[in-house]
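For reference, the chains in residue letters:
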Amino acid sequence: MFLDPSKNCSFEEADAVIHQIPYEYSSSYLKGSYRGPSEIIKSSHYVELFDDELKRETITHTKIHTCPPLDINGKFNQEAIESIQDYVKEKNSKKGVFHIYLGGEHSVSYPIIKHYALNNKDFGILQIDAHADLRESYQGNEYSHASVMARISELNLPITQVGIRALSEEEHFKISKTKNILSFFDSETQYNLDTWQKIGHSLPKNIYITLDTDGLDPSVFPAVGTPEPGGLKWNEILSLLRFLFKEKNVLAMDVVECCPHENDIRTQYNLAKLIYRVIGYKFGA
């Protein structure tokens, strides 16, 4: 129960802070990602606190605070973006804290990353995702989940994409013509140390990781809005994250697009386990 708000340390003394941003507006296929954050929190109550890889109880060495869900108050698109960015600014007053943002749809990543881009130098983005999310707009909405990386690319940050296996012709053209975007397509990528080193070399010292759940193997993480065959398997995503937390300064990350299925807790439970492992990586196990 490492994410149990009732067992929190205080926000002021936390080493790691978990945020819930249950915003969903533009989901284009299966809906329900707004339930993802709360279901991940609920599933965390059943994750073993002794980490089998790190051989310790991370929670006894790291103080974790879970914030209540952000209330978007019926705001959408630009208003929602501004509300999220204000929230992130308010919650980032203390240096050295590792923040993990549990989002609804992927569009929540834009205002979060914008905050970190404004406050950090030598900064870039790792996107783990099945979809490129680089459409200029989708269904008439420039703030769609399918356009989130297009908005982030306008911040002129280096972006490295991993696991991409679904994109439009427009997005393929943008990747091929934009020097700041490097894509490791699922069909062309061997997920091993050599690839992790190439990914690390493509990124600056300070990075933010945005993890769209559909970037992962849908046999282990099936509850997403648009499942695509392929993706990173459990040991592959752990291997990549382990490498990056060792080689880079990971300032923060988000986990988005978990769309819980009725009577199937695999996705939210496995994400809770993954988040616990990530906290262990961050704090020097």
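Heads up: these notes are all about the structure in this document.

Conventions and cut-offs
Residues numbered from 1 in each chain as written. Predicted model: local features only at pLDDT ≥ 70, side-chain atom pairs only at ≥ 80, totals over all residues. Heavy atoms only, no water. Helix = DSSP H or I, 4+ residues; strand = E, 2+ residues; numbered from the N terminus. Rg over C-alpha atoms; globule rule 2.2 N^0.38 Å. Buried < 20%, exposed > 50% of the residue type's maximum accessible area, 1.4 Å probe, protein only. Core = buried A, V, L, I, M, F, W, Y, C linked by side-chain atoms within 4.5 Å. Contact = heavy atoms within 4.5 Å. Pairing = 2+ DSSP bridges. Axes fitted to C-alpha atoms, helices over the stretch in contact; angles between N-to-C directions. Expected span 1.5 Å × (residues − 1). Parallel < 35°, antiparallel > 145°, perpendicular 65-115°, else oblique. Left-handed = near helix turned anticlockwise from the far one by under 90°. Nonpolar A, V, L, I, M, F, W, Y, C, P; charged D, E, K, R; others polar. Salt bridge = Lys/Arg side-chain N within 4 Å of Asp/Glu carboxyl O. Phe/Tyr/Trp six-rings, centres within 6.5 Å; stacked < 30°, edge-to-face > 60°. Patch = residues over 30% accessible without salt bridge, like charges linked within 9 Å, V, L, I, M, F, W, Y side chains within 5 Å. Areas by Shrake-Rupley, 256 points an atom, 1.4 Å probe, with all protein chains shown as cover. Lys, Arg positive; Asp, Glu negative; His and termini not counted. Charge placed at Lys NZ, Arg CZ, Asp CG, Glu CD. Polar contact = N/O pair within 3.5 Å; in protein donor to acceptor, adjacent residues only side chain to side chain.

## Points about the overall build of the protein
If you tally the helices and strands in the protein, you get nine helices and 10 strands. For 285 residues, the compact-globule estimate of 2.2 N^0.38 gives 19 Å, and the protein sits close to it at 17 Å. C-alpha atoms of the protein, sized along the principal axes, occupy 50 × 45 × 40 Å. With 285 residues in all, the protein has 58% of them scored as buried.

## With respect to the nonpolar core
Of all hydrophobic cores here, the largest spans 43 residues; its most connected members are Ile-100, Leu-126, Ile-128, Ile-199, Ile-209, Leu-232 and Leu-240. Looking at this core, the element that brings in the most residues is helix H9 (residues 266–282), giving eight residues. Ignoring sequence-local partners within four residues, the contact set of Ile-209 consists of Leu-126, Ile-128, Leu-241, Leu-244, Phe-245, Val-250, Ala-252, Met-253 and Asp-254. Listed in part, the 38 residues of the second largest apolar core include Val-17, Phe-123, Ile-159 and Leu-251.

## As for the sheet that holds strand S10 (residues 249–256)
Taken together, the eight strands give an open sheet; going across it, the order is S4-S1-S5-S10-S9-S6-S7-S8, and neighbouring strands pair in parallel fashion. At either end of the open sheet lies a strand with only one pairing partner, and these are strand S4 (64–69) and strand S8 (181–185). Shown here is a sheet whose adjacent strand axes are inclined to one another by a mean of 15 degrees, direction ignored. Two strands pair when backbone bridges link them, and strand S9 (residues 206–212) and S10 are joined in this way by seven bridges, in the parallel orientation. Within S10, the position partnered with Thr-210 by the bridge is Asp-254. Running over the sheet, helix H1 (residues 36–44) touches strand S1 (16–21), S4 and strand S5 (98–103) and is turned about 135 degrees from S1.

## Observations concerning helix H3 (residues 77–91)
With 15 residues, H3 extends 21 Å from end C-alpha to end C-alpha; this agrees with the ideal 21 Å at 1.5 Å per step. Among the residues of H3, those classed as buried are Ala-80, Ile-81, Ser-83, Ile-84, Gln-85, Tyr-87 and Val-88.

## Here's the deal with the packing of helix H7 (residues 193–202) against helix H8 (residues 234–247)
When two helices pack together, their arrangement is given by the angle between the helix axes and by the axis-to-axis distance. Where H7 meets H8, the closest approach of the two axes is 10 Å, and the angle between their N-to-C directions is 45 degrees. As judged from the angle between their axes, H7 and H8 are oblique. When you trace H7 past H8, the crossing you get is right-handed. Residues Leu-193, Trp-196, Gln-197, Ile-199 and Gly-200 of H7 pack against Glu-236, Ser-239, Leu-240, Phe-243 and Leu-244 of H8. Here the residues of the contact of H7 with H8 are counted per class, giving six nonpolar, three polar and one charged.

## Here we look at unusual backbone geometry
Not every positive phi belongs to a glycine, and Asn-73 is a case in point at roughly 60 degrees. Here Asn-73 shows up in the loop between S4 and H3. Here Asp-133, not a glycine, exhibits a phi torsion of approximately 55 degrees, which is positive. Here Asp-133 is to be found in the loop between strand S6 (123–128) and helix H5 (148–153). Among the residues examined, Asp-133 registers a relative accessible area of 6% and is labelled buried.

## Notes on the pattern of salt bridges
Within this structure, the stated rule accounts for 14 salt bridges. Its salt-bridge partner being Glu-39, residue Arg-35 comes within 3.8 Å of it at the nearest N-O pair. By relative accessible area, Glu-39 is classed as buried at 13%. Notably, a salt bridge pairs Glu-53 with Arg-242, separated by 2.8 Å at the nearest N-O pair. In this pair, Glu-53 is assigned in the loop between strand S2 (50–51) and strand S3 (56–57) and Arg-242 in helix H8, connecting sequence segments 189 residues apart. In the salt-bridge network here, residues are joined through shared partners; they are Asp-51, Asp-52, Glu-53, Arg-242, Lys-273 and Arg-277.

## Brief notes about the packing of aromatic side chains
Using the criterion set out here, one finds seven aromatic pairs in the structure. Ring geometry for Tyr-191 versus Trp-196: centroids 6.1 Å apart, planes at 20 degrees, classification stacked. Comparing Tyr-191 with Trp-196 shows no difference in burial state: the two are buried. For the pair Phe-245 and Tyr-281, a centre-to-centre distance of 6.4 Å together with 45 degrees between the ring planes defines the contact as tilted. Remark: Tyr-281 occurs in helix H9 and Phe-245 occurs in helix H8; sequence separation between them is 36 residues.

## Remarks on a negative patch on the surface
On the surface, Glu-79, Glu-82, Asp-86 and Glu-90 cluster together into a negatively charged patch. Turning to its location among the elements, Glu-90 is positioned in helix H3.

## Quick look at the side chain of Glu-24
Along the polypeptide, Glu-24 turns up in the loop between S1 and H1. Although Glu-24 lies buried, it forms no salt bridge, and the closest oppositely charged side chain, Lys-31, sits 6.1 Å away as judged by the N-O distance. A distance of 3.0 Å separates the side chain of Glu-24 from the side chain of Ser-33, its partner in a polar contact. The residues contacting Glu-24, other than those within four sequence positions of it, are Lys-31, Gly-32, Ser-33, Tyr-34 and Glu-105.

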